[in-house]
Amino acid sequence: LPVLSVLNPVPSVETLGTVAQQAQRVQQVLPVTVAIRNISFSPRQVTSDASFHSVSFSETDHPKVLITGGLGQLGVGLAKLLRKRFGKNNVILSDIRKPPSNVFHSGPFIYSDILDYKNLREIVVNNRITWLVHYSALLSAVGEANVALARSVNITGLHNILDIAAEHGLRLFVPSTIGAFGPTSPRNPTPDLCVQRPRTIYGVSKVHAELMGEYYHHRYGLDFRCLRYPGIISADSMPGGGTTDYAVQIFHDAIKSGKFECNLKPDTRLPMMYIDDCLRATLEVMEAPADTLTMRTYNINAMSFTPEELSQELQKQMPELEVTYDVDLVRQAIADSWPMDFDDSNARKDWGWKHDYDLPELVQTMLNYFGVETRMVGAN
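About the cut-offs
Residues numbered from 1 in each chain as written. Predicted model: local features only at pLDDT ≥ 70, side-chain atom pairs only at ≥ 80, totals over all residues. Heavy atoms only, no water. UniProt positions renumbered as here; feature names shortened; annotations may be inferred. Helix = DSSP H or I, 4+ residues; strand = E, 2+ residues; numbered from the N terminus. Buried < 20%, exposed > 50% of the residue type's maximum accessible area, 1.4 Å probe, protein only. Areas by Shrake-Rupley, 256 points an atom, 1.4 Å probe, with all protein chains shown as cover. Axes fitted to C-alpha atoms, helices over the stretch in contact; angles between N-to-C directions. Parallel < 35°, antiparallel > 145°, perpendicular 65-115°, else oblique. Left-handed = near helix turned anticlockwise from the far one by under 90°. Contact = heavy atoms within 4.5 Å. Nonpolar A, V, L, I, M, F, W, Y, C, P; charged D, E, K, R; others polar. Salt bridge = Lys/Arg side-chain N within 4 Å of Asp/Glu carboxyl O. pLDDT = per-residue confidence, 0-100. Pairing = 2+ DSSP bridges.

Within an unreviewed UniProt entry, the label attached to the chain reads L-threonine 3-dehydrogenase, mitochondrial, and the organism entered is Amphiprion ocellaris. In its Function (unreviewed entry) section, the UniProt entry covering the chain states "Catalyzes the NAD(+)-dependent oxidation of L-threonine to 2-amino-3-ketobutyrate, mediating L-threonine catabolism."

## Notes on the overall build of the chain
A count of helices and strands for the chain gives 15 helices and 15 strands. In the chain, which comprises 380 residues, the share counted as buried stands at 50%. By element, 53% of the accessible surface of the chain is carried by carbon and sulfur atoms, the whole surface being about 18500 Å².

## Considering the packing of helix α3 (residues 75-86) against helix α10 (residues 275-287)
Between α3 and α10, the shortest axis-to-axis distance is 10 Å and the interhelical angle comes to 50°. By the criterion of interaxial angle, the relationship of α3 to α10 is oblique. As for the relative orientation of α3 and α10, their crossing is right-handed in sense. Together, Gly77, Leu78, Leu81, Leu82, Arg85 and Phe86 of α3 and Leu279, Arg280, Thr282, Leu283 and Glu287 of α10 make up the contact between the two elements. Its residues placed into classes, the contact of α3 with α10 shows six nonpolar, two polar and three charged.

## Looking at helix α9 (residues 246-256)
The periodicity of an α-helix, 3.6 residues per turn, causes residues three or four places apart in sequence to face the same way. All of the buried residues along α9 are Tyr246, Ala247, Val248, Ile250, Phe251, His252 and Ala254. For α9, the secondary structure elements touched by its buried residues are β10 (231-233), β11 (259-262), β12 (270-274), β14 (303-305), α11 (307-315) and α14 (359-370). Of the residues flanking the end of α9, it is glycine 258, one or two places downstream, whose phi is positive at about 75°.

## Examining the pattern of salt bridges
A complete count under the given rule lists 16 salt bridges for this structure. A salt bridge links aspartate 192 to arginine 228; its shortest N-O distance comes to 4.0 Å. Here aspartate 192 is found in the loop between β8 (176-177) and α8 (201-220), whereas its partner arginine 228 is found in strand β9 (residues 223-229), with 36 residues between them in sequence. Each member of the pair, aspartate 192 as well as arginine 228, is classed as buried. Of the charged contacts, one joins arginine 348 and aspartate 344 as a salt bridge, the two residues approaching to 2.9 Å between their closest N and O atoms. Several salt bridges share partner residues, and in doing so they unite Arg171, Asp223, Arg225 and Arg296 into one network.

## Notes on the confidence of the model for the chain
With 81% of its residues at a pLDDT of 70 or more, the chain has an overall mean of 86. Across residues 1-40, where pLDDT falls below 50, the model places 27 contacts with residues more than four positions away in sequence or in other chains. Scored below 50 in pLDDT, residues 373-380 makes nine contacts in the model with residues more than four places away or belonging to other chains.

## Topic: the sheet that holds β10
Taken together, the three strands give an open sheet; going across it, the order is β10-β12-β14, and neighbouring strands pair in mixed fashion. The sheet is open, and its two borders are formed by β10 and β14, each paired with just one other strand. The average undirected angle you get between the axes of adjacent strands in this sheet is 45°. In this sheet, β12 lies alongside β10 in parallel orientation, the contact comprising three bridges. The partner of isoleucine 233 across the bridge, within β12, is tyrosine 274. On the sheet, α9 packs against β10, β12 and β14 and is oriented at approximately 25° with respect to β10. Along the sheet face, α14 touches β10, β12 and β14 and points at about 85° away from the line of β14.

Structure, rendered in structure tokens:
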């Protein structure tokens, strides 16, 4: 690959003459001064001593947003929120899967494979993308079942995203996770900066993403922003293979059969958040002025609870719910290495993060979504 691509303006035929004539002129006039209008760069091409800063869009314009992995739990919800804010056609969902009809007709959707660098680059250029939200990833339990695929998607795919974002001056959001911490990290609470030695490929890939994003920020001026999500609870999507997914599955099973079998121990405490809080935090950190950000990777949190506490809160409104436990040793080992509670004081101080949903509000909102006739709803 060339070290640097220099795209000079193309002279007219009258000015240029023949190639031979132009060559003669170059030989006769030395040294040659070349007027450069455009320099196209990529971290794949630059020299080790190069230095530059990404160019952001005008603050008065709406961003043009691309969301990778858009058919996951968070992508559809974030697209809906951003389209309300910036306009339907300014937010493009992408994935390698065929979208359901309601998603396809809700706004722009495009096929995008993050492992295909050329395809991804064309999408960014052709659609004049200014924000890139990178949700493509294999989650914790799924990643452990297929480490090679997780390494490819979560690490190689990330490298493509970073290079393209730096090359085209994008504002890049990459989520991280409670899984970025390990058994040697302080667990209650877990601060923004501490030892991180995760024991899953998902966690390792997220630590890699945090560090690479911050490196590109300091080295290339990339406007990288990252939030460590806790377990995310959403009513309108099915669990996707994460260790915290029991907190979503319990609502589906409670309504379907009145019974739930939990794969974690009843006293396993983990930080959690309702999806509306998560999506709002993502938008808020993306809109935050750069000079308010004292770091590029933040913890965010709303609540921490155990399966037993969630079950008890749900049983207040569905007293017939039966909860049993059949512990999955793999998932339990993962959960035992994760934070019990997140310290998100820096996010609250720097850009005003504040959650809306605690455990009672979470349970009520989930049941209302499913249209459950509970005693409390009836009383209200």
